[in-house]
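Spelled out from the first residue to the last, the chains are:
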Amino acid sequence: MALAVAISAGSAAADDPYLRAGIGFDRATETEFRDKNCEIEAPVPLYGCGPAPDGAPYRAVGDFGTVASFEVGLGIVVAPAMRIEALVGYHPRLTFSGRANFLASERRQSVSADLSVLSGMVAAYVDLAALGLPRLGPFDPFIGVGIGAARIATGETRMMFPATTTIVPGVRRSNFAWMVTAGVATVLSESTTLDVALRYSDLGTAETGTGGGRVVWRDGSREPLLLDQAASEAHLKNYGLRLSLRQLF
């Protein structure tokens, strides 16, 4: 995912290339897993059409907590106030924790799944100080936008009910992805810049696998029931903090 960096006024000339590496801390917005199509007959929808006992559509709702991300970018200064960057980002583990709404709210129906995201984007950043806007002491404010693709790998989904566990296989899916960012940059040396930014990202859709699921009775009283279930999906959006260092060649 994109990690925001600005070019400090006077610190880089046009055509200067740079390498950037950084770390981020993201918090996903509320995430909802639902059937891609609750009305199909085969494979069988995992959730089905609502309304559920709580009045909402059948679904699982939760979040991923705060997660770390890492990225590397290769860019070039194309004008005193602008740079273009190609970057690769990686979320090694996002753990979804939520609840389904098949049963009454007081009954156990927890849902969990592990995901990872690999993304690539092309981003453009504008140094606002170079356009004549005021600096913030030693910091140069900037804004940026990026577009690209994200590869989301969803692991097994485990749905825990009072007596059974439903296990749904995962799958990998590629999506369109985009981000917007704003932050500040400060020069540490003639060739090194520190960047601190806030970012909002839309990574596209995570998806569960089709077929190969099973229902397991935890007390062993019955043999597992095999499921030929259809896919469910959830849209991944997050916001967070980015810290990075950019090194001019």
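Residues numbered from 1 in each chain as written. Predicted model: local features only at pLDDT ≥ 70, side-chain atom pairs only at ≥ 80, totals over all residues. Heavy atoms only, no water.

A. Local environment of empty space enclosed by the protein. Counted under the stated rule, the structure contains one cavity of 30 Å³ or more. In this structure, the largest cavity occupies an estimated 40 Å³ of space. As for the largest cavity, its lining consists of A28, T31, F64, L94, L203, L236, K237 and N238. Here the element with the most residues in the lining of the largest cavity is strand β13 (residues 232-248); it accounts for three residues. Residues belonging to the lining of the largest cavity are distributed by class as follows: five nonpolar, two polar and one charged. (1 Å grid on protein atoms, 1.4 Å probe; cavity = no way out; pocket = protein on both sides within 12 Å on 5 of 7 lines; lining within 4 Å. Points joined across faces, edges and corners; volume = space filled by probe spheres on them. Helix = DSSP H or I, 4+ residues; strand = E, 2+ residues; numbered from the N terminus. Nonpolar A, V, L, I, M, F, W, Y, C, P; charged D, E, K, R; others polar.)

B. Seen up close, unusual backbone geometry. Following A42, the chain continues to P43 via a peptide bond in cis, the omega torsion being -10°. Assignment of secondary structure puts P43 in the loop between β2 (31-35) and β3 (60-63). Looking along the chain, the bond that leaves G50 and enters P51 is cis, with omega of 5°. Considering the arrangement of structural elements, one finds P51 in the loop between β2 and β3.

C. Quick look at the packing of aromatic side chains. Counted under the stated rule, the structure contains six aromatic pairs. With centroids separated by 5.8 Å and ring planes inclined at 65°, the aromatic side chains of F102 and F161 adopt a geometry described as edge-to-face. Taken together, the residues F102 in the loop between β5 (82-100) and β6 (110-127) and F161 in the loop between β7 (140-160) and β8 (164-168) connect sequence positions 59 residues apart. Note on F102: relative accessible area 24%, which makes it partly exposed. (Phe/Tyr/Trp six-rings, centres within 6.5 Å; stacked < 30°, edge-to-face > 60°. Buried < 20%, exposed > 50% of the residue type's maximum accessible area, 1.4 Å probe, protein only.)

D. Structural view of the pattern of salt bridges. As enumerated under the stated definition, the model contains 14 salt bridges in all. Residues R158 and E156 are paired through a salt bridge, measuring 3.6 Å at the closest nitrogen-oxygen approach. E156 sits in the partly exposed class, given a relative accessible area of 41%. (Salt bridge = Lys/Arg side-chain N within 4 Å of Asp/Glu carboxyl O.)

E. Representation of the confidence of the model for the chain in the model. Of all residues in the chain, 94% attain a pLDDT of 70 or more, and the chain-wide mean is 91. Counting contacts from residues 1-11, a segment whose pLDDT is below 50, to residues more than four positions away or on other chains yields 70 contacts. (pLDDT = per-residue confidence, 0-100. Contact = heavy atoms within 4.5 Å.)

F. Summary view of the environment of V216. Turning to its location among the elements, V216 is positioned in strand β11 (residues 213-217). Sequence separation between V216 and T31 is 185 residues; the distance between their C-alpha atoms is 26 Å. Residues in contact with V216, not counting those within four places in the same chain, are A163, T164, T165, I167 and P224.

G. Representation of the nonpolar core. Counting residues in each nonpolar core, the largest one holds 34 residues, and the members touching the most others are Y47, F64, F96, L115, V117, M159 and L236. Those elements giving two or more residues to this core turn out to be β5, β6, β7, β9 (171-187), β10 (192-207) and β13. At seven residues, the largest contribution of residues to this core is made by β6. (Core = buried A, V, L, I, M, F, W, Y, C linked by side-chain atoms within 4.5 Å.)

H. Spatial organisation of the side chain of T31. Relative to the elements of secondary structure, T31 occurs in strand β2. Engagement of the side chain of T31 in a polar contact is seen with the backbone oxygen of T29, the distance being 3.1 Å. Filtering out sequence-adjacent residues up to four positions away, T31 remains in contact with A60, V61, G62, F64, F96, A234, H235 and L236. (Polar contact = N/O pair within 3.5 Å; in protein donor to acceptor, adjacent residues only side chain to side chain.)

I. View of a nonpolar patch on the surface. A contiguous nonpolar surface patch, about 400 Å² in accessible area, is contributed by F25, V196, L198, L241 and L243. Within the secondary structure, L198 sits in strand β10. (Patch = residues over 30% accessible without salt bridge, like charges linked within 9 Å, V, L, I, M, F, W, Y side chains within 5 Å. Areas by Shrake-Rupley, 256 points an atom, 1.4 Å probe, with all protein chains shown as cover.)

J. Summary view of the environment of R151. Take R151: it is sitting in strand β7. Here R151 falls in the partly exposed class, since its relative accessible area comes to 40%. In this structure, the C-alpha to C-alpha distance between R151 and S116, residues 35 residues apart in sequence, is 8.3 Å. Ignoring any residue separated from it by four or fewer positions in sequence, one finds R151 in contact with S116, V117, L118, R172, R173 and S174. Polar side-chain contacts of R151 include one of 3.0 Å to the side chain of S174.

K. View of the pairing of β11. Side chains of β11 alternate between two faces, with G213, V215 and W217 buried and R214 and V216 left unburied. With three bridges joining them, β11 and strand β12 (residues 225-227) adopt antiparallel strand pairing. Looking across to β12, one finds that V215 is bridged to L225. (Pairing = 2+ DSSP bridges.)

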